[in-house]
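Inside the fold
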Amino acid sequence: MNSETGKTALITGASSGIGQELAKLFAQDGYNLVLVGRSDEKLDRLGEVFKSNYGTDQVTVITKDLSQEDAAQDVYNQVKAKGITVNVLVNDAGVGLYGLFATDTDWEREKSMIHLNVLSLTQMTKLFLYDMLARNEGKILNLASLLSITPSPLMAVYAGTKAYVYNFTQSLVNELKDTNVSITALLPNATDTDFFNKANAENTKITDELQDPVMVAKAGYDALMAGKPKVVPGGLKNKSYEVMAYVAPQEALAALMRDKMSQKPEPEEKEPTISLAWGIGFGIAVIAGIALTIGYKNASPYDKVRYKYKAKSAGDALSNTLSSVFDKVAHSVVDAYQTTKGKAEKFAHKEEEMLEEATA
Ligand SMILES: NC(=O)c1ccc[n+]([C@@H]2O[C@H](COP(=O)([O-])OP(=O)(O)OC[C@H]3O[C@@H](n4cnc5c(N)ncnc54)[C@H](OP(=O)(O)O)[C@@H]3O)[C@@H](O)[C@H]2O)c1
């Protein structure tokens, strides 16, 4: 029997991403679970999977939108009413929002994000921590972010909420230092979950370097169990980001993050379009050349002089127009046209000589 069997972990945001991976780790270690989220259907299904895969004894689902006023108090009341003791609290539920603060983002979404990421997390901590201290036993994991310690243009309010979570958690680490209750902040870099899609940030450069939510959850779980104050998952690379965040000037960090948060460049125009234009241009030039040659052959000497003048003017006009519109394509069309025109002129010149010879 696992030493944690019979203990209960309450996890918000367990329906997907990092929270779901964390819930799986608790289930594997024999914890009973209280899963809190907006979708009871998803959480019920997850509970069934944990029961059949890991033999989880009790899974309690509490359906709650944590962006609503006093949602945390409702969750706490329901837990108390069911007689459940929460040994571990995981405040994972959180959302982001992408865009320029002044002009792009919607205040209602920002308000609800602040409520979820900050107010509910704080109230959940207050309510369950009080009981943990009374028992002098318990653990809390709060989802912060690497953005907690760097300014983040285009995700300004989100980064602000995560800065709060990190600072709040580290302050409580000190307040709890002489107790058997620990609190841990998890600071992941960009992670491969539905987070960026939901935040309208799916096409940003930062999404090119997403890390694995399984690795992130495991690092958070291990740090929580060890009672560490914080953890930055992802090895030396993310550790060096953390160190840079402490020593680099804020302006430089903001510029770096602005670039990472900017949209990926549009893919280049495809080559076949140019090839097609070249083909069409060449075809037109050949047909025009043939028509010119036939017309020229049957014309009188006077018309031939006129045609030569018109052909030259038309060639010049065509060349001018095309060169300003399609660069490469225009050059090929004009070249082909000039070659054909040159051949027609040569042919006409020969005919004139023959005519002169015949009339001499
Ligand atoms: N992904 C990253 O790059 C990254 C990096 C650093 C930190 N984080 C943090 O990690 C945490 C988990 O995010 P994730 O990446 O795993 O994203 P995710 O897959 O979108 O998970 C977010 C979770 O929060 C829940 N949630 C959202 N709004 C809620 C609400 N109003 N009430 C209750 N639950 C709500 C969602 O459940 P429902 O939508 O089903 O209700 C879902 O379970 C967040 O706090 C996020 O800020 C993420």
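Residues numbered from 1 in each chain as written. Predicted model: local features only at pLDDT ≥ 70, side-chain atom pairs only at ≥ 80, totals over all residues. Heavy atoms only, no water.

Scanning the protein from N- to C-terminus turns up twelve helices and seven strands. A burial count over the protein gives 42% of its 360 residues as buried. For the protein, restricting intrachain contacts to residue pairs at least 6 apart in sequence, the fraction spanning at least 24 positions comes to 71%. Total accessible area on the protein stands at roughly 19,200 Å², and carbon and sulfur atoms take up 56% of it. (Helix = DSSP H or I, 4+ residues; strand = E, 2+ residues; numbered from the N terminus. Buried < 20%, exposed > 50% of the residue type's maximum accessible area, 1.4 Å probe, protein only. Contact = heavy atoms within 4.5 Å. Areas by Shrake-Rupley, 256 points an atom, 1.4 Å probe, with all protein chains shown as cover.)

Once that is clear, we can look at the pattern of salt bridges. Close approach of charged atoms allows side chains with opposite charge to pair. Per the counting criterion, the structure on display carries 13 salt bridges. The salt bridge partner of lysine 24 is glutamate 21, with a shortest N-O separation of 3.5 Å. Residue lysine 24 and its partner glutamate 21 are both found in helix 1 (residues 17–28); the two are separated by three residues, about one turn of the helix. Residue classification places lysine 24 among the partly exposed residues on the basis of a relative accessible area of 28%. (Salt bridge = Lys/Arg side-chain N within 4 Å of Asp/Glu carboxyl O.)

Taken together, 31 residues surround the ligand, and among them Ser15, Tyr158, Thr191, Thr193 and Lys198 come closest. Arginine 38 places a side-chain nitrogen or oxygen 2.8 Å from an oxygen atom of the ligand. Between the ligand and tyrosine 158 there is a distance of 2.6 Å, counted from an oxygen atom to a side-chain nitrogen or oxygen. Relative to its unbound accessible area of 880 Å², the ligand is 96% covered by the protein chains. (Near = heavy atom within 4 Å. Polar contact = N/O pair within 3.5 Å; in protein donor to acceptor, adjacent residues only side chain to side chain.)

Further remarks concern empty space enclosed by the protein. Applying the stated criterion across every chain, the model contains four cavities of 30 Å³ or more. Here the largest cavity defines a volume of roughly 150 Å³. For the largest cavity, the lining is made up of 14 residues, of which Leu146, Thr150, Asn189, Tyr241 and Met257 are closest to its centre. Listing elements by their share of the lining of the largest cavity, those giving two or more residues are helix 8 (235–247) and helix 9 (250–260). For the lining of the largest cavity, the element with the highest residue contribution is helix 9, accounting for four residues. When the residues that make up the lining of the largest cavity are grouped by side-chain class, the tally is ten nonpolar, two polar and two charged. Counted as a void, the second largest cavity has a volume near 50 Å³. (1 Å grid on protein atoms, 1.4 Å probe; cavity = no way out; pocket = protein on both sides within 12 Å on 5 of 7 lines; lining within 4 Å. Points joined across faces, edges and corners; volume = space filled by probe spheres on them. Nonpolar A, V, L, I, M, F, W, Y, C, P; charged D, E, K, R; others polar.)

Residues Val243, Tyr246 and Val247 make up a contiguous nonpolar surface patch of about 310 Å² in total accessible area. Looking at the secondary structure, you find tyrosine 246 in helix 8. Judged by relative accessible area, tyrosine 246 falls into the partly exposed class, the value being 46%. (Patch = residues over 30% accessible without salt bridge, like charges linked within 9 Å, V, L, I, M, F, W, Y side chains within 5 Å.)

We now examine the environment of leucine 66. The residue leucine 66 is located in the loop between strand 3 (59–63) and helix 3 (71–81) in this model. The spacing of leucine 66 and alanine 93 is 27 residues in sequence and 8.1 Å in space, taken between C-alpha atoms. Dropping the residues within four chain positions of it, leucine 66 is found in contact with Thr12, Val36, Ala71, Ala72, Val75, Ala93, His115, Leu116 and Ser120.

Leu10, Val75, Val79, Leu89 and Phe128 are the most contacted members of the largest nonpolar core, which has 36 residues in total. The dominant element in this core, judged by the number of residues it contributes, is helix 4 (residues 107–135), at seven residues. When near neighbours in sequence (up to four residues on either side) are disregarded, valine 79 contacts Leu10, Val34, Ile62, Ile84, Val86 and Phe128. In this structure, Ile11, Ile18, Ala27 and Leu224 belong to the second largest nonpolar core, which totals 27 residues. (Core = buried A, V, L, I, M, F, W, Y, C linked by side-chain atoms within 4.5 Å.)

This part takes up the side chain of asparagine 189. Tracing the backbone shows asparagine 189 in the loop between strand 6 (181–186) and helix 6 (195–198). Residue class for asparagine 189 comes out buried when judged on its relative accessible area of 13%. Excluding its chain neighbours within four sequence positions, the residues that come into contact with asparagine 189 are Leu146, Gln211, Asn238 and Tyr241.

As a further point, take the packing of aromatic side chains. In total, this model carries seven aromatic pairs according to the counting rule given. An angle of 75° between the planes, with centres 5.1 Å apart, marks the rings of tyrosine 76 and phenylalanine 128 as edge-to-face. Pair noted here: tyrosine 76 is in helix 3 and phenylalanine 128 is in helix 4, with a separation of 52 residues, a long-range link. Classification of tyrosine 76 as buried rests on a relative accessible area of 12%. (Phe/Tyr/Trp six-rings, centres within 6.5 Å; stacked < 30°, edge-to-face > 60°.)

The next subject is the pairing of strand 6. Along strand 6, six of the six residues are buried, which leaves the element largely enclosed by surrounding structure. Both faces of strand 6 are covered, namely the face carrying Val181, Ile183 and Ala185 and the face carrying Ser182, Thr184 and Leu186. Relative to strand 6, strand 5 (residues 138–143) runs parallel, the two being bridged by six bridges. For asparagine 142, the partnering residue across the bridge sits in strand 6 and is alanine 185. With helix 5 (residues 156–175) bridging strand 5 and the parallel strand 6, this β-α-β connection has right-handed handedness. Sheet topology places strand 6 next to strand 7 (residues 230–231); two bridges connect them, and they run parallel. Within strand 7, the residue paired with alanine 185 across the bridge is lysine 230. (Pairing = 2+ DSSP bridges. Right-handed = clockwise from strand over helix to strand, strands pointing away.)

That's the geometry; what it means functionally is another story.
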